[in-house]
Amino acid sequence: MTSFAEIEAEFNTIVGATVYATMVTVDARNRPRTRVLIPIWENVDGRPLGWLATYRTPVKAAHLAGNPHTSFSYWKPGNNSVAVDAVASWADGLDVRRRVWDLYRATSPRGAGYDLGGFWRSPADPKLHVLRLDPFRVQVIRGMDLRSRIWTAG
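Throughout, a residue's number is its position along its own chain's written sequence, starting from 1. In keeping with the model being predicted, local features are shown solely for residues with a pLDDT of at least 70 and side-chain atom pairs are shown and tallied solely at 80 or more, while totals for entire chains, interfaces and linings include all residues. Based on all heavy atoms of the structure, the side-chain values leave hydrogens and waters out of the count.

(A) Expanded view of the overall build of the protein chain. Each helix is a run of DSSP H or I of at least 4 residues and each strand a run of E of at least 2, with the numbering of both proceeding from the N terminus. In terms of regular secondary structure, the protein chain is built from three helices and eight strands. Computed over the C-alpha atoms, the radius of gyration of the protein chain is 15 Å, within 12% of the 15 Å expected from 2.2 N^0.38 for a compact globule of 154 residues. The 154 residues of the protein chain split such that 43% are buried. When charges are counted, Lys and Arg are positive and Asp and Glu negative, with His and the chain ends excluded. To locate a charge, take NZ of a lysine, CZ of an arginine, CG of an aspartate or CD of a glutamate. Of the charged side chains in the protein chain, 20 are positive and 14 negative, and the gap between their average positions amounts to 7 Å. The quantity called the radius of gyration is restricted to C-alpha atoms. Its globule counterpart is 2.2 Å times the number of residues to the power 0.38. Each residue is placed in one exposure class: buried if its accessible area under a 1.4 Å probe, protein chains only, is under 20% of its type's maximum, exposed if it is over 50%, and partly exposed if it falls in between.

(B) Spatial organisation of the side chain of Thr 70. In this fold, Thr 70 is placed in strand β5 (residues 69–75). For Thr 70, a relative accessible area of 5% puts it in the buried group. Among the polar contacts made by the side chain of Thr 70, one reaches the main-chain carbonyl oxygen of Val 24 at a distance of 2.7 Å. Throughout, a residue-residue contact means that at least one pair of heavy atoms, one from each residue, lies within 4.5 Å. In contact with Thr 70, not counting residues within four places along its chain, are Met 23, Val 24, Thr 25, Val 84, Asp 85, Ala 86, Ala 88 and Leu 133. Distance and chemistry together define a polar contact, namely a pair of N or O atoms within 3.5 Å, with one atom able to donate a hydrogen and the other to accept it when in protein, and with adjacent residues in sequence counting only for side-chain atoms on both sides.

(C) Summary view of the packing of aromatic side chains. Only the six-membered ring of Trp is used, alongside the rings of Phe and Tyr, when aromatic pairs are assigned; centres must lie within 6.5 Å, and planes under 30 degrees apart are stacked while those over 60 apart are edge-to-face, with the rest tilted. Within the structure shown, the criterion is met by eight aromatic pairs. By way of ring pairs, the aromatic residues Phe 4, Phe 11, Trp 41, Phe 72 and Trp 151 are connected into one cluster. Lying over the aromatic face of Trp 90, Arg 56 brings its terminal NZ or CZ to 4.2 Å of the ring centre. We call a charge positioned above a ring when the Lys NZ or Arg CZ atom is no farther than 6 Å from the ring centre and deviates by at most 35 degrees from the ring normal.

Given below as structure tokens:
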């Protein structure tokens, strides 16, 4: 499907209930590495857009410099799941960090997010980094009947 609106409500429900996502990157030898994080998502001009407040660790930075493609997986018992394939890029301007700080605090979608003040002093904290996540594929699977719906960027 080409309209994210067709799966947005289910996406928001599953992401908001699950909160934590497994993020996958690959190293220079194409070996995967996973970590569990809390990205947030919004709808901008009819398309999903994600943000990840994070530490810019040497491993994560090296992986994304070599290959900016990443995948996020949400799953809960009952088998409702969301998979997001995206291109990640560092977006560390102060205006972006302030916006992301507020989105995390408000939770976006509802239920996903947290107060970043537990890890960083403020949006201006030099240890706070933000990844912009531009999805090119989002899959929502409903566990009760394994119905799968997929949005792809046009």
